[in-house]
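Residue-level structural notes
Take a look at the letters that make up each chain.
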Amino acid sequence: MAIPGYHGRVLEINLTTGNIKVEALDAQDVLLYLGGRGLATKLFYDRIEPSADPLGPDNVIVIASSPLVGSQAPTAARGHMVYKSPLTGYIGTSNSGGTWGHTFKATGYDALIIRGRASHPVFIDLSPEKIEILDASHLWGKNVPESTDSLTAGSTPGNLYRALVIGPAGENLVKYAVVANDKNRVYGRGGPGAVFGSKNLKGIRVRGREKITIADEARYRSGVDQAIYLLKQAPITKRLMRELGTAGLILLINVINMLPHRNFLDVNHDEEKLERISGEAIARGYLEKAGSCYLCPIGCQRHTAVKTADGRVRRGEGPEYETTVLMGPVCDVYDLYYIIQANYLANELGLDTVTFGGTVACAMELFEKGYLTPEQTDGLEIKFGRGDLLEKLVDLAAYRRPGLGSLLAEGSYRLAAACGHPELAMQVKKLEIPGYDPRASYAQALGYMTSPTGACHLRGGYAVSLAFFGGTKEIPRFSLLQSPIAIRNMQNTGILQDSLGVCRFTGFSFAIEPWARIVSGITGYDFSTAHLEEIANRIAALERLFNLEAGLKPEEEDVLPSRFSEIPIMSEGKPRAISRENMIQMRRDYYRARGWNDDGRPGESYLREMKIEPKKA
Amino acid sequence: MAPYKWQASEDIFRLFHSIGHASLLYDIQDSHSGNMAMRWKNAQGEEMIVITATGSQKGDLEPNHLCYLSPGETDFGYYKASSETDIHVNILSLPGAQASMHAHVKELIMATLDDQPAPKTPLPFVPVDPLAFYHLGPEIPVDWFAVPSGSPEMAKTIPARLADHPLTIIYGHGAMTRGRTLKETFFNLCLANNAGYIVRLIERQIRSTRAKRQALKTPEKQEKNLVPEAPLPVGQSPELEELRSKIKAAPESHFHFRPTPYNTDIENRCDFPEEDEILKEFRKTGNRLFESRLSPFHTGSMSVRGVDYLLYAPQASMPYEVGGPLLKLPLAPNPGDDTELLLHKKIYAESDFQALIHAYVPEAEAHAHFIYPGEETPIEKIIPVDAEGSFMYLVIPVLPPKFDEARLVSLLHDYRVVVVRGGGVWAAGGLSLSEALHHPSSVREICLYRLAALERGLDLRKMEPEKAKKW
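Residues numbered from 1 in each chain as written. Chains lettered and ligands numbered in written order. Predicted model: local features only at pLDDT ≥ 70, side-chain atom pairs only at ≥ 80, totals over all residues. Heavy atoms only, no water.

**Some thoughts on the state of the cysteines**
All names here are of chain A. The condition that has to hold: Disulfides are defined as pairs of cysteine sulfur atoms found within 2.5 Å of each other. Only protein chains enter the calculation, and the probe is 1.4 Å; a residue is then buried if its accessible area is under 20% of its type maximum, exposed if over 50%, and partly exposed in between.
In total, this model carries 0 disulfides over all chains according to the counting rule given. Between C296, a cysteine without a disulfide, and C503, which holds the nearest cysteine sulfur, the sulfur-to-sulfur distance is 5.8 Å. Relative accessible area serves as the criterion here: at 16%, C296 is assigned to the buried category. Of all cysteine sulfurs, the one in C293 lies closest to C300, which takes part in no disulfide; the gap is 6.2 Å. Judged by relative accessible area, which is 12%, C300 ranks as buried.

In structure tokens form, the structure reads like this:
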């Protein structure tokens, strides 16, 4: 009998052979890895060869649900996907809200494993009644909204189809293509869309009404009550996100000198221009309504509209903070008209807007410095401030148009390397740095350096969020001493949120304690916070182990680009840079805080302690 | 004859000014009350006594409010020294006494009032908290004086008391204390006031539930409890006296551990001056602990953990102007570590916490002794009855004075804050001192609301959320 909160079933589909099998979920995996990110990582690690080509049939995609999904816990409707990233060559681990994650759980499975490669475009049709691999040739080439509409047609009230799809970017194996659900909610970073595309997998349609059981209703309910109360109490989750969306953070981030500008050359902005792209400006000029993922009381979604130059009204979602910053100030663009339309198109074609913005900013700097020539850009003058080019560049990248498009489709590192200047790519492990300048927070810097997926604030630890707690959890921003443990703890909080199936933004209100109560109530097992911390450490170690087995060189790759050592920014009245020595010190302390060896490798005894069995060499 | 002495010494003035200001913040003076004195050698090497001027406002001392006296010429000078100078001079003649201080420790004054006719022979005050019990002694003398301010009688009796005790109580007036430093005298006075406050809180919660408790007891027990073995002075409750007797008989079983003696050797030590942001956090947190009365002056401890070390404030409650030692210590246990430091290290060894605070929150200390009517043993958890407290915590565990330390770590994981009866409040922060600070601060409020509900005759059991009782 399955542990309450789980269905106890894992579905595995081989697209090469068409073989479909259902296995019992190993209870030991649940107790050691919980669900979502943790469970997916374990199932992934057990099945993949670390050397597998990310775009080959041997790459494995694991989608796993969490014990909270299916309950009424706030935001607990998320899905998680693990794969080997074509952008980084290391683990890709991505989380999305929307409705798909919840509906997947309602099909009666806890995890879905996909391997192999179909001979032609297909989609998976999954419900409690059937599992089918169906032809998707008619969808190949269609964008995300078109594909979604096509797959969800025929829904019946109360039993809707939900679709997870890729757009042309995924089909064209763009290394930062996303997988989208609800048209605009994405499994975004590291190129999962390209992995889908490489398997000829256009999408996954789900439908179901399978329910979970709850072992201790009172304990579960007390945690839910507490979580809801705290979400309604904290200013970020009760008001700011709903009114201003994630872009409401732009002015806040600028106040702490953390908002990057011109490919991270500085953090200096004309405040009047910045106001034009703020969450406030979006709310005033473009917002039609706020929206929420399933079961979310926060409501950060932006449903917006923009009137185009030819008088049409285009509708879509966003832009989010990251999109606005990466396509905006990082490219020296302060015009929402361009940013919004480029964002719409990126969503439609299935591109990660963070990597896209970072890649374009890199291209702009390369071009201005003469390293990217007009011949390579097909004559386009890709200079900082050219917001008018953004939409065209989205199209070039998503379709891998010959010339500039194929360069942009590879991400900033490969672009800059092709131009002979890889140091101008603002990335870690080839994943572009999001919209928080690491020089303004050592903990955030260390988070980028040590994130298993490369420079990601969501996997590396969302240290910057500490600035919004009104001081409750604020940590010194420039402390070499405090950052290693702080970022380990932030990363662990993120690992647990991803493994519990809840939104990162709940962290603006509380950390783990209510979740511990909820998951204990649901499962009937005593998941104390201490136990959860141990699980988080285990998951972090397993992700690290995979990366090392996949070839990670910590000495060379757990670092920030030299720009952050060489060019200081001004913050709190002082020049701030992170010297190479400081990086090494923080990194070593971080490894130690994790219980790993000084070379960044979890040692044998630690792995034994964590009950992790490495692959045989 | 010594030269006039009122030329200011910047360091001495700052010390007096900061302690004076802190004593007003801690509400152990009125606007003009109290006095401070210390021995001092001037630049010429002459032995002097520095003492506050009579009638000076201790919260706003100015340089010319300090009088520099030679021990034999206490009336010399333009500004006249305290009317209690003679008492101070005699105290400062005691071996080891380098400083003395008098304050209107209101809570202790209130806790020792009685309505016996004069001349009174008050009983000594018996503290029930570990800080006062161990630092000030199990019995603090209380003396009644016909002229309770600056009298020759006081100049004779008080130094004699202080020869055997660090602090003595002047009935209806305040306390006087001696110390090796002026900070130590202030420390003693804060502990004394805190001890009085705790006793009064316990008395209040006893009185507010006495009728209900009696109603729920069997006739034999009622009779026994209402007729104590020895008659008590009016105003003292038998339940409190029973607690005091038990503590005096076996303090080690009623307190978690014996606090480390007040250390004057490391007063201004700072081992991490280059970490300006963390220093700021320590000072901010220390000041809040003090100003918000979350722990008496220079009590409690706080730490931030590094990878191989911890940054440690062993006298955590410290107003900005006074400060306290800030140490960088190895995370591994050392033979010289005291119990409190070892506990910080043990908790870190078994958790991922980044910050810890141990504070002697008086309201929590008192409320941890609360016994629900109809029950025989003190509470094992504090259930908030206020809106924010109940959602933030639902329950706060209370450990008995002796417990398995692993249990404390486990509870900190689940609740982030734990009250130890006879041992203060332990709070953990996953990321920062600020996060840890929120817990004792909340616990204080939660206890205040519960105590207020009791005083108003409300039934706590009815007010406590049902779900909390099961958690």
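**Some words on the sheet that holds strand β2 (residues 20-24) of chain A**
Residues and elements named next belong to chain A. Operational definition: The rule for pairing is simple: two strands pair if DSSP sees at least two bridges between them. Under the scheme used here, helices are H or I runs from DSSP no shorter than 4 residues and strands are E runs no shorter than 2 residues, and both carry numbers assigned from the N terminus. Note on geometry: axes are lines fitted to C-alpha atoms, helical ones only across the stretch in contact, with angles between N-to-C directions running from 0 to 180 degrees.
Taken together, the 6 strands give an open sheet; going across it, the order is β2-β1-β6-β3-β4-β5, and neighbouring strands pair in mixed fashion. Of all the strands in the sheet, the pair left with one neighbour each is β2 and β5 (91-96). The mean inter-strand angle of the sheet, taken between neighbouring strand axes irrespective of direction, is 15°. Note: strand β1 (residues 9-14) against β2, 5 bridges, orientation antiparallel. In the sheet register, V10 faces β2, and the bridge partner there is E23.

**Topic: the pairing of strand β10 (residues 327-330) of chain B**
Each regular strand carries side chains that alternate between the two faces of the sheet. All names here are of chain B. In β10, alternate side chains face the same way, and those of L327 and L329 are buried while those of K328 and P330 on the opposite face are not. Across 4 bridges, strand β9 (residues 309-313) lies against β10 in antiparallel orientation. When the sheet's bridge partners are listed, Y309 is paired in β10 with P330.

**Concerning the interface of chain B and chain A**
Where we set the bar: Whether two residues are in contact is decided by their heavy atoms, any of which lying within 4.5 Å being enough. Accessible area, probed at 1.4 Å, shrinks when two parts are joined; the buried area is that loss added up over both. Any carboxyl oxygen of Asp or Glu that lies within 4 Å of a side-chain nitrogen of Lys or Arg is treated as forming a salt bridge with it. Contacts described as polar in this section are N or O atom pairs within 3.5 Å, which, within protein, must combine one atom able to donate a hydrogen with one able to accept it, while residues neighboring in sequence count only if both atoms come from side chains. Charged means Asp, Glu, Lys or Arg here, nonpolar means Ala, Val, Leu, Ile, Met, Phe, Trp, Tyr, Cys or Pro, and polar covers whatever is left, Gly included.
Of the residues lining the interface, 34 residues belong to chain B; the matching set on chain A comes to 39 residues. Regarding the contact of chain B and chain A, the summed buried area is about 3100 Å², with carbon and sulfur atoms giving 52% of it. For the pair chain B and chain A, the number of links is 4 salt bridges. Where R592(A) meets D308(B), a salt bridge forms, and the shortest distance between an N and an O atom there is 3.1 Å. One can count 20 residue pairs in polar contact (both at pLDDT 80 or more) joining chain B with chain A. Only α10 (276-291), β8 (301-305), β9, α13 (387-392), α14 (405-415) and α15 (433-455) of chain B provide two or more residues apiece to the side of chain B that touches chain A. The residue inventory of the side of chain B that touches chain A, partitioned by class, reads 13 nonpolar, 8 polar and 13 charged.

**As for helix α22 (residues 529-549) of chain A**
Residues and elements named next belong to chain A. Filter applied, for reference: By this rule the span expected of a helix is its residue count minus one, scaled by 1.5 Å.
The terminal C-alpha atoms of α22 lie 30 Å apart, and with 21 residues this matches the ideal 30 Å at 1.5 Å per residue to within 8%. The buried count for α22 comes to 17 of 21 residues, which makes it a mostly enclosed element. After α22 finishes, the residue G551 shows a positive phi value of roughly 110°.

**Considerations on the side chain of S351(B)**
Examined against the element boundaries, S351(B) turns out to sit in the loop between α11 (339-349) and β11 (355-359). At 2.8 Å, the side chain of S351(B) and the backbone oxygen of I347(B) are in polar contact. Residues in contact with S351(B), not counting those within four places in the same chain, are E533(A), R305(B) and H413(B).

**Describing unusual backbone geometry**
In this chain, G318(A) is followed by P319(A) through a cis amide linkage whose omega measures 15°. Tracing the sequence through the fold places P319(A) in the loop between β15 (313-317) and α12 (321-327). Note that the residue after A118(B), namely P119(B), is joined by a cis bond; omega there is -5°. Note that P119(B) resides in the loop between α3 (106-112) and α4 (130-135). Despite not being glycine, D182(A) shows a phi value in the positive range, around 55°. Here D182(A) shows up in the loop between β10 (179-181) and β11 (185-187).

**A short note on helix α5 (residues 152-164) of chain B**
For an α-helix the count is 3.6 residues per turn, leaving residues at separations of three or four pointing the same way. Residue and element names in this part refer to chain B. Let me state the cut-off plainly: In this description, one arc is meant: the one made by directions from the helix axis to the C-beta atoms.
Those residues of α5 that fall on the buried side of the exposure criterion are M154, A155, I158, P159 and L162. Down the axis of α5, the buried set is contained in an arc of 110°. They therefore lie on one face. For α5, exposure combined with an orientation more than 90 degrees from the buried face picks out P152, K156 and D164. In this structure, the buried residues of α5 make contact with α2 (85-92), β6 (167-170) and β7 (174-179).

**Details of the nonpolar core**
The following threshold applies: As used here, the term nonpolar core means buried Ala, Val, Leu, Ile, Met, Phe, Trp, Tyr and Cys residues forming a set that is joined through side-chain atoms within 4.5 Å.
Residues L68(A), L351(A), F356(A) and L393(A) are the most contacted members of the largest nonpolar core, which totals 164 residues. Setting aside residues no more than four positions away along its own chain, L393(A) makes contact with F356(A), V360(A), L380(A), I382(A), L404(A) and L408(A). Membership of the second largest hydrophobic core comes to 59 residues, among which are M38(B), L167(B), L191(B) and Y262(B).

**Thoughts on the environment of G389(B)**
Residue and element names in this part refer to chain B. In this fold, G389 is placed in helix α13. C-alpha of G389 to C-alpha of T377: the two residues are 12 residues apart in sequence and 24 Å apart in space. Apart from residues lying up to four places away in sequence, G389 is in contact with P384, L394 and I446.

**Side note on the pairing of β7(B)**
Residue and element names in this part refer to chain B. Where burial is concerned, most of β7 is hidden: 5 out of the 6 residues are buried. Pairing analysis gives 5 bridges linking strand β4 (residues 99-103) to β7, with the strands arranged antiparallel. By the bridge assignment for β7, A99 is matched with G179. Relative to β7, β6 runs antiparallel, the two sharing 4 bridges. The residue bridging L167 from the neighbouring strand is T177, located in β7. Adjacent in sequence and paired antiparallel, β6 and β7 are bridged by 3 residues, among which G172 carries a positive phi angle near 70°.

**With respect to the pattern of salt bridges**
Residue and element names in this part refer to chain A. In this structure the tally under the stated criterion is 72 salt bridges over all chains. In this structure, K175 engages E410 in a salt bridge whose closest nitrogen and oxygen atoms are separated by 2.7 Å. Note that K175 is positioned in the loop between α5 (168-171) and β10 and E410 in the loop between α16 (404-408) and α17 (412-418), a separation of 235 residues in sequence. Salt-bridge contacts for E410 lead to R400; the nearest nitrogen and oxygen are separated by 2.6 Å.

**Looking at the domain arrangement of chain B**
All names here are of chain B. Selection criterion: Domain start and stop points were drawn from an automatic or database domain assignment.
Partitioning chain B into domains gives domain 1 (10-195) and domain 2 (276-470). Measuring from the centre of the C-alpha atoms in domain 1 to the corresponding centre in domain 2 gives 31 Å. Contacts between the two partners involve 18 residues from domain 1 and, on the opposite side, 16 residues from domain 2. Together, the buried faces of domain 1 and domain 2 total about 1500 Å²; carbon and sulfur atoms form 70% of this surface. It is L25, Y26 and L131 that lose the most area in domain 1 upon contact with domain 2, and together they represent 32% of the buried surface on that side. Linking domain 1 to domain 2 there are 0 salt bridges. Joining domain 1 to domain 2, the criterion identifies 4 residue pairs in polar contact (both at pLDDT 80 or more). Elements represented by at least two residues in the side of domain 1 that touches domain 2 include exactly α1 (10-25), α4 and α6 (182-216).

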